[in-house]
Amino acid sequence: MLWLILIAVIAVVGAFYVRMNARAEHDASNPDTGSAMVEFGRAFPDEAIRALHSTIDGKAIFLRLHDGKAGFIQSHGTHYVCHVIHPGKLRVNSSESGQGLIVHFPDFAYLDNNFEFRTAAEAAEVSLWLLGSFSPKSEIDSPLAGRAATQTID
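From a predicted model like this one, the values you see are computed outputs, not experimental measurements.

Procedures and definitions
Sequence order as written defines the numbering, with residues in each chain counted from 1. Totals for whole chains, interfaces and linings use all residues, but because this is a predicted model, local features are given only for residues with pLDDT of at least 70 and pairs of side-chain atoms are given and counted only at 80 or more. Here the side-chain values reflect all heavy atoms present in the structure, with hydrogen atoms and water set aside. Should DSSP find at least two bridges between two strands, the strands are regarded as paired. Numbering of helices and strands runs from the N terminus; a helix is a DSSP stretch of H or I covering at least four residues, while a strand is a stretch of E covering at least two. Contact definition: two residues touch when any of their heavy atoms are within 4.5 Å. What counts as a ring pair is set by centres within 6.5 Å for rings of Phe, Tyr and Trp (its six-membered ring), and what kind of pair is set by the plane angle: stacked under 30 degrees, edge-to-face over 60, tilted for all other angles. Residue exposure (1.4 Å probe, protein chains only): buried if accessible area is under 20% of the type maximum, exposed if over 50%, otherwise partly exposed. What we call a nonpolar core is a set of buried Ala, Val, Leu, Ile, Met, Phe, Trp, Tyr and Cys residues that are connected through their side-chain atoms within 4.5 Å. Working convention: axes come from line fits to C-alpha atoms, limited for helices to the stretch in contact. Angles between N-to-C directions cover 0 to 180 degrees. Per-residue confidence from the prediction method is given by pLDDT, with values spanning 0 to 100.

Q: What am I meant to see in the pairing of strand β1 (residues 49-54) here?
A: The side chains of a regular strand alternate between both faces of the sheet. As paired strands, β1 and strand β2 (residues 60-65) are joined by five bridges and run antiparallel to one another. In the sheet register, H53 faces β2, and the bridge partner there is F62. The antiparallel pairing of β1 with β2 creates a hairpin that spans five residues between the two strands, and G58 there sits at a positive phi of about 75°.

Q: In this structure, what is going on with the environment of V84? I would like to understand it.
A: Mapped onto the elements, V84 comes out in strand β4 (residues 79-85). Separated by eleven residues in sequence, V84 and I73 have C-alpha atoms that sit 9.0 Å apart. Not counting chain neighbours up to four residues away, the residues in contact with V84 comprise F40, F44, E47, L65, K69, A70 and G71.

Q: Would you mind going over the packing of aromatic side chains with me for this structure?
A: What characterises a pair of aromatic rings is the spacing of the ring centres plus the angle enclosed by the ring planes. Evaluated as defined, the whole model comprises six aromatic pairs. Ring centres of F62 and F115 lie 5.1 Å apart, and the angle between their planes is 85°; this geometry places the pair in the edge-to-face category. One end of the pair, F62, is in strand β2; the other, F115, is in strand β7 (residues 113-116), with 53 residues separating them in the sequence. Judged by relative accessible area, which is 3%, F115 ranks as buried. Between F72 and F115, the ring centres sit 5.6 Å apart and the planes meet at 70°, which makes this aromatic pair edge-to-face.

Q: Would you explain the nonpolar core in this entry?
A: The nonpolar side chains of a soluble globular protein tend to be buried, and buried together. The biggest cluster of nonpolar side chains holds 17 residues, and the ones touching the most others in it are F62, F72, L101, F105, F115 and L130. At the level of elements, β2, β3 (70-76), β6 (100-104) and α3 (120-131) are the ones that each hand at least two residues to this core. Element by element, the count of residues in this core is highest for α3, at four residues. Setting aside residues up to four positions removed in sequence, F115 forms contacts with T55, A60, F62, F72, Q99, G100, L101, V103 and F105. Among the nonpolar cores identified, the runner-up in size contains nine residues, and I61, L63, I73 and V84 belong to it.

Q: It is not clear to me how the pairing of β4 should be interpreted in this structure. Could you clarify?
A: Burial of β4 is extensive: five of the seven residues sit out of reach of the surface. Sheet topology note: the β3/β4 ladder contains seven bridges and is antiparallel. Bridge pairing in β4 places I73 opposite C82. Between β3 and the antiparallel strand that follows it, β4, lie two residues; G77 among them carries a positive phi value of about 70°.

Q: When you look at the sheet that holds β6 in this model, what are you seeing that I'm missing?
A: Sheets are built from strands paired through backbone hydrogen bonds, the pairs being either parallel or antiparallel. The three strands are arranged β5-β6-β7 in an open sheet whose pairing can be described as antiparallel. The open sheet has two free edges, formed respectively by β5 (91-94) and β7, since each of these has just one partner strand. Each neighbouring strand pair of the sheet contributes to a mean axis angle of 25°, computed without reference to strand direction. In terms of strand pairing, β6 meets β7 through four bridges, oriented antiparallel. Residue pairing in the sheet places V103 in a bridge with N113 of β7. Lying on the sheet, α3 is in contact with β5 and β6; it crosses β6 at an angle near 25°.

Q: Which parts of the structure should I look at to understand the confidence of the model for the chain?
A: Close inspection of predicted coordinates is inappropriate for parts of the model with low pLDDT. On average, the chain scores 79 in pLDDT, and the residues at 70 or more come to 82%. Confidence drops under pLDDT 50 across residues 138-154; counting only partners more than four residues distant or on other chains, this segment forms one contact.

Right under this line is the structure:
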């Protein structure tokens, strides 16, 4: 009778071990954007996130921050590497596909990579964030929009 209980306990422990390994592999292959943002918020509590774009594989997320800086999150399983990028502190080139960026981080060479996005427009927008020249269009703030509405032709 004791042997039967011992075999049952070993079977339960083995099933638990297999289930936890499967969950860990799933988490490593499918990073979560929400938990990445939470980790970025913990690392940089004074930085407000305005927009984000993740790569096709989901292993890297680029953030536009409130004061013209950009953020970068790279997933390593359930752990994240978070950086704030100041404008002009890296080199960005277009990839051969046209939907990606080849980014060189001079201060963090281990992060250099080719990042592919879903569309070429996303890649272009992220490159503007990284280079510090992003200025969103707004009809409300545009002085030409107000002037065009009041002009009449005689």
